[in-house]
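# Geometric and topological summary
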Amino acid sequence: MPRPRDAKTISSFRFLPALLRDPVQATDEVGRISDGDIVRLGVVGPFRPYLVTHPDHVQHVLRDHADNYRREGLLWKPLSRLVGEPSGADPAWALKKGAYQAMFSGPNIASFTDDVARAIVEAVDELADRAVDRPVDAADEMTRLVYRAITRVIVGDKMPLDQIDELGRVLATATTSSFRSRMLLPFVPFWVPLPGDRAFRRAVQAVDDLIFPIVRDSRRRGADGGDIVSRLIRARDENGNGLDEQNIRDGVVALFVAATETSVSILSFLWMVLDSRPDIAAKLYAEIDRVVGTDHPRRAHLSELRYAKMVTQEVLRLYSPGWIIPRTVVADDVIDGVRIRKGSILVISPYLTHRLADVWPDPRVFDPERFAPGQSRHRFAFLTFSGGPHQCVGSYFFTIEAQLIMAAMLSRFEPVIHGSPSIEPRLGLTLKPSERIQFLLRPRGRVTSNV
Ligand code: HEM
């Protein structure tokens, strides 16, 4: 058997200046040079993360040898200051994950889909009051819409609407303020202040002020509901031990962050794509008119909204909100003949895997037909929801949520993008449009809602 070889290092001279100037361009450049091979990125001194993009190699890391690639370091380090310990090594993780899985299983989702649909229609009504005559900010409005759609699922009736909106605002601050600098400069210790640190700390305090009282109150009153707060309070391990207050708070906040940041990013890109591709928009409007018509969208419509699902998947491919999935290497390993050293950081990049021409022909072309029924691909070619033990528990829920939001918006309105912002993404905790996007809603003259 040939001896394992070391991964080629891409020197920081080739991409660090670009990384600080234009991280997306730098990432594209790294993807072009590595072209599916395992490489190391010579960022600073001994900090040389591996980059793994080929689907076979990704499968090795995320699924086949997942125990050897722990969710620690890089992105997870700053994130843990907001959502608690994310690594699967923490025993509390299994209890939280069990509660999430029960909540977002197919049959349980079916039991609350029509409630989510109603919440979305109400939120679109409110949006229409603001957005028909003048442009509104897409990220702010999508944040409000997504929070309205999922908050009842996560906290039941424990949170009034004004607090839901407030939570959306402070979590948006927490996930944008210092994340970018902390992620791009992961070797800088936390005691060295970076831009956005103070706003981050204030936002975390505001999150605590909103969530802890709900957790305490629910524990006092007994947690018999189907919402995630109640499920986390009831969770027990095999010895009958439950989660403490901090862990329950972390479990709730982690779910909010996982479920909202990603969804808001993808919806912002969606309206941009539809604006720039009238051919695709026309097919989507035709499907929604045929399936939903002048009705309100509901669970019974979902199986017929096939093109809406294909469009969602293609937006998820080209603008995958989770653009990197970092891991820490536990023990020395070999992947496809390349030596992987213990203690290193290894980065999987859905952004780059989704742009490999060998895996996705014409990867930069937006084409929902890639996801038409009957199309097949490597299981680890489409990485938006990751894979293996940490695979996203909300992927099915998100698809339904996106179909319902599209149907609620587009059955009544045509979103018109204001000005001509760039559709180029910007790297942060999640991938976001690089410029603030504004849109207004042009009524399509079909129905006025009355929930
Ligand atoms: C566009 C939508 C979404 C995207 C792109 C996305 C992406 C991801 C990714 C990449 C991971 C795995 C990270 C890893 O392997 O380390 C993940 C995990 C997770 N996601 Fe999602 N997600 C989305 C929506 C949702 C929604 C709607 C929910 C809940 C309703 C959710 C709940 C979770 C949870 C709880 C985890 C943690 C799983 C674990 O630690 O084992 N996500 N998501």
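Refer to the structure printed above.
Now for a quick tour of the structure.

Parameters and conventions
Residues numbered from 1 in each chain as written. Predicted model: local features only at pLDDT ≥ 70, side-chain atom pairs only at ≥ 80, totals over all residues. Heavy atoms only, no water. Near = heavy atom within 4 Å. Polar contact = N/O pair within 3.5 Å; in protein donor to acceptor, adjacent residues only side chain to side chain. Helix = DSSP H or I, 4+ residues; strand = E, 2+ residues; numbered from the N terminus. Nonpolar A, V, L, I, M, F, W, Y, C, P; charged D, E, K, R; others polar. Pairing = 2+ DSSP bridges. Contact = heavy atoms within 4.5 Å. Axes fitted to C-alpha atoms, helices over the stretch in contact; angles between N-to-C directions. Left-handed = near helix turned anticlockwise from the far one by under 90°. Donors = N, O, S within 2.8 Å, 3.2 Å for Na, K, Ca; no water. Buried < 20%, exposed > 50% of the residue type's maximum accessible area, 1.4 Å probe, protein only. Phe/Tyr/Trp six-rings, centres within 6.5 Å; stacked < 30°, edge-to-face > 60°. Lys NZ or Arg CZ within 6 Å of the ring centre and 35° of its normal. Salt bridge = Lys/Arg side-chain N within 4 Å of Asp/Glu carboxyl O.

## Quick look at the site of the ligand
In the vicinity of the ligand there are 25 residues, among which Arg71, Lys97, Arg327, Ser386 and Cys392 approach most closely. Here Trp93 contributes a side-chain N or O atom positioned 3.1 Å from an oxygen atom of the ligand. Arg327 places a side-chain nitrogen or oxygen 2.8 Å from an oxygen atom of the ligand. Counting residues per element, the ones that place at least two in the shell around the ligand are helix H5 (91-103), helix H12 (245-276), strand S7 (325-329) and helix H16 (395-410). When residues of the shell around the ligand are assigned to their parent elements, the largest contribution, 4 residues, is made by H12. In terms of residue class, the shell around the ligand is built from 16 nonpolar, 6 polar and 3 charged.

## Overview of the sheet that holds strand S6 (residues 136-137)
Across a sheet, paired strands are connected by hydrogen bonds in the backbone, their directions being either parallel or antiparallel. Overall, antiparallel pairing links the 3 strands, which are arranged S6-S14-S11 in an open sheet. On the outer flanks of this sheet lie S6 and strand S11 (413-417), each paired with one strand and no other. The strands that helix H6 (residues 106-131) touches are S6, S11 and strand S14 (438-443); relative to S14, the one it contacts most, it runs at about 100°.

## Looking at the packing of helix H14 (residues 306-318) against H16
The contact between H14 and H16 brings their axes to 10 Å, and the two run at 115°. Here H14 runs over H16; the crossing is right-handed. Judged by residue contacts, Ala308, Lys309, Thr312 and Leu316 of H14 engage Phe398, Thr399, Ala402, Gln403 and Met406 from H16.

## Examining the coordination of the iron atom of the ligand
No other protein atom reaches the iron atom of the ligand as a donor apart from Cys392 (SG), found 2.3 Å away. For Cys392, the location among the structural elements is in the loop between helix H15 (350-353) and H16.

## Structural notes on the sheet that holds strand S2 (residues 8-11)
Pairing within the open sheet is mixed, and its 6 strands lie in the order S2-S3-S4-S10-S7-S5. Pairing within the sheet leaves two strands with one partner each, and these edge strands are S2 and strand S5 (69-70). By the bridge criterion, 2 bridges tie strand S3 (residues 39-42) to strand S4 (residues 50-52) in an arrangement that is antiparallel. Across the sheet, the residue bridging to Arg40 is Tyr50, located in S4.

## Details of the environment of Ile33
Its location among the elements puts Ile33 in helix H2 (residues 23-34). A relative accessible area of 16% means that Ile33 is categorised as buried. Separated by 23 residues in sequence, Ile33 and Ile10 place their C-alpha atoms 8.1 Å apart.

## Describing the environment of Leu305
Within the secondary structure layout, Leu305 lies in the loop between helix H13 (278-291) and H14. C-alpha of Leu305 to C-alpha of Arg290: the two residues are 15 residues apart in sequence and 9.4 Å apart in space. Setting aside its immediate chain neighbours within four residues, Leu305 contacts Glu287, Ile288, Val291, Val292, Gln403 and Ala407.

## As for unusual backbone geometry
Phi at Asp336 is positive, roughly 50°, even though this residue is not glycine. The residue Asp336 is located in the loop between strand S8 (333-335) and strand S9 (338-340) in this model. For Asp362, which is not a glycine, the phi torsion comes out positive at approximately 45°. Note that Asp362 resides in the loop between H15 and H16.

## Here's the deal with the packing of aromatic side chains
All chains considered together, the criterion is met by 7 aromatic pairs. Ring pairs connect the aromatic residues Phe104, Phe112 and Phe397, which therefore count as one cluster. The ring of Trp360 carries the charged tip of Arg317 above its face, separated from the ring centre by 5.4 Å. Directly above the ring of Phe380 sits Arg379, whose terminal nitrogen or CZ lies 4.6 Å from the centroid.

## Considering the pattern of salt bridges
Under the definition given, this model contains 33 salt bridges. The residue Arg118 makes a salt bridge to Asp115 at a minimum N-O spacing of 2.7 Å. Of the two residues, Arg118 and Asp115 are both situated in helix H6; the distance of 3 residues between them amounts to about one turn of the helix. In this structure, Asp125 engages Arg412 in a salt bridge whose closest nitrogen and oxygen atoms are separated by 2.9 Å. One end of the pair, Asp125, is in helix H6; the other, Arg412, is in the loop between H16 and S11, with 287 residues separating them in the sequence. Judged on exposure class, the residue Asp125 and its partner Arg412 are both buried. Salt bridges here are not isolated pairs; linked through shared partners, they connect Glu126, Arg130, Glu141, Arg144, Arg148 and Asp165.

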